[in-house]
Amino acid sequence: VQLQASGGGLVQAGDSLRLSCAASGRTFSTYIMGWFRQAPGKERELVARITWSGSTTSYADSVKGRFTISRDNAKNTVYLQMNSLKPEDTAVYYCAGGPPVRVVTGVYDYWGQGTQVTVSS
């Protein structure tokens, strides 16, 4: 499985962006998918996660109510809709995924290349 993230950019505080992560491979629809981010000098953090069916999602407290993760298994794509962006959301955003049996242990087997999101104040 290969993952290709896109949609990052430079925006102002309060703006919105939608990130996309296109996956190759027929097993995508069975994977748990997540969006991570890493800001300079900080550890990578899990921002949002979605189960294979899309029925269950979870979010970091810092983005709850502002970010929405979704997926379209027919298009092999997972999305991260980011609203009310803040300067502290500035980071490189990565999509990642893997089989549930691995993700529940904290291991994501597949990673995209990252897309930069910069939010100016």
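Coordinates for the structure precede this section.
A. Here's a closer look at the sheet that holds strand S8 (residues 77–82). On the basis of which strands lie adjacent, the open sheet formed by 4 strands has the order S1-S3-S8-S7 and antiparallel pairing. A strand with exactly one partner marks an edge of an open sheet, and here the two such strands are strand S1 (3–6) and strand S7 (67–72). The sheet shows a mean angle of 15 degrees between the axes of neighbouring strands, direction not considered. Strand direction decides the pairing type here: S7 and S8, joined by 6 bridges, are antiparallel. Opposite Asp72, over in S8, you have Thr77 as the bridge partner.

B. Just the packing of aromatic side chains, in detail. If you walk through the whole model with that rule in mind, you get 4 aromatic pairs. An angle of 10 degrees between the planes, with centres 5.7 Å apart, marks the rings of Tyr31 and Tyr110 as stacked. Placement of the pair is Tyr31 in the loop between strand S3 (17–23) and strand S4 (32–38) and Tyr110 in strand S10 (residues 110–111), with a sequence separation of 79 residues. Classification of Tyr110 as partly exposed rests on a relative accessible area of 27%. Aromatic pair Phe36 and Tyr108: ring centres 5.0 Å apart, planes at 90 degrees, arrangement edge-to-face. Linking Phe36 in strand S4 with Tyr108 in the loop between helix H1 (100–103) and S10, this pair joins segments that are 72 residues apart in sequence. According to the relative accessible area criterion, Phe36 is buried, its value standing at 8%. Cluster of aromatic residues (ring-pair linked, three or more members): Phe36, Tyr108 and Trp111. One residue, Arg44, lies across the ring of Phe36, its end atom 5.6 Å from the ring centre. The ring of Phe28 has Arg71 lying over it, and the distance from NZ or CZ to the ring centre is 4.6 Å.

How each quantity is defined
Residues numbered from 1 in each chain as written. Predicted model: local features only at pLDDT ≥ 70, side-chain atom pairs only at ≥ 80, totals over all residues. Heavy atoms only, no water. Pairing = 2+ DSSP bridges. Helix = DSSP H or I, 4+ residues; strand = E, 2+ residues; numbered from the N terminus. Axes fitted to C-alpha atoms, helices over the stretch in contact; angles between N-to-C directions. Phe/Tyr/Trp six-rings, centres within 6.5 Å; stacked < 30°, edge-to-face > 60°. Buried < 20%, exposed > 50% of the residue type's maximum accessible area, 1.4 Å probe, protein only. Lys NZ or Arg CZ within 6 Å of the ring centre and 35° of its normal.

Any functional reading would require information that these geometric values do not contain.
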